[in-house]
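# Chain and residue survey
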Amino acid sequence: MKKIAICQRALPHYRLPFYEEMIPKLDGYTIKMYYSVQMGEYKKPKWARKLFAFTKNITLGELSETAVFSPTLFVHLLFYRPSIIVVEDIAGLPNSLMAALYCQLFNKPYLI
């Protein structure tokens, strides 16, 4: 069975229906989502893993963003051993770099 790891800063409540509908349709794959910030009220799904993270609010002019760094993400990827990793865009850069390092070391593809 192939494993997919999804690495995101946050898991907002409004994305839950999308994942709940998509995951059963991925026959032959298991999904694990790693996130650090919960947005909204919901019970943590069994396919998701909330990780400890350091957060820092960054303001650049009129733009405001939250940088999230999960220092244990790489270890979680080592134990899960995904076949492919899906990462965020530039907003999730610290964690995306750790996922890219995992992919480089173990010759696995990743999607941005």
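From a predicted model like this one, the values you see are computed outputs, not experimental measurements.

Thresholds applied
Residues numbered from 1 in each chain as written. Predicted model: local features only at pLDDT ≥ 70, side-chain atom pairs only at ≥ 80, totals over all residues. Heavy atoms only, no water. Core = buried A, V, L, I, M, F, W, Y, C linked by side-chain atoms within 4.5 Å. Buried < 20%, exposed > 50% of the residue type's maximum accessible area, 1.4 Å probe, protein only. Helix = DSSP H or I, 4+ residues; strand = E, 2+ residues; numbered from the N terminus. Contact = heavy atoms within 4.5 Å. Expected span 1.5 Å × (residues − 1). Arc of directions from axis to C-beta.

Turning our attention to the nonpolar core. Among the nonpolar cores identified, the biggest contains 14 residues, and Cys-7, Tyr-34, Leu-73, Leu-77 and Ile-85 are the most heavily contacted of them. Within the residue set of this core, elements represented by two or more residues are strand E1 (2-7), helix H2 (73-80), strand E8 (84-87) and helix H3 (93-106). Sequence-distant contacts of Leu-77, defined by excluding residues within four places in its chain, comprise Ala-5, Cys-7, Tyr-34, Pro-82, Ile-85, Ala-99 and Tyr-102. In this structure, Tyr-19, Ile-31, Met-33 and Ala-48 belong to the second largest nonpolar core, which totals 12 residues.

With 14 residues, H3 extends 20 Å from end C-alpha to end C-alpha; this agrees with the ideal 20 Å at 1.5 Å per step. For H3, the complete set of buried residues consists of Asn-95, Ser-96, Met-98, Ala-99, Tyr-102 and Cys-103. For H3, the angular spread of buried residues about the axis comes to 160°, placing them on one side. Seen from the open side of H3, the exposed residues pointing more than 90 degrees away from its buried face are Leu-97, Gln-104 and Leu-105. The inward-facing, buried residues of H3 contact E1, strand E7 (63-69), H2, E8 and strand E9 (110-111). Trailing H3 by a residue or two, Asn-107 shows a phi angle of about 55°, which is positive.

Keep in mind that these numbers describe shape and distance, not what the molecule does.
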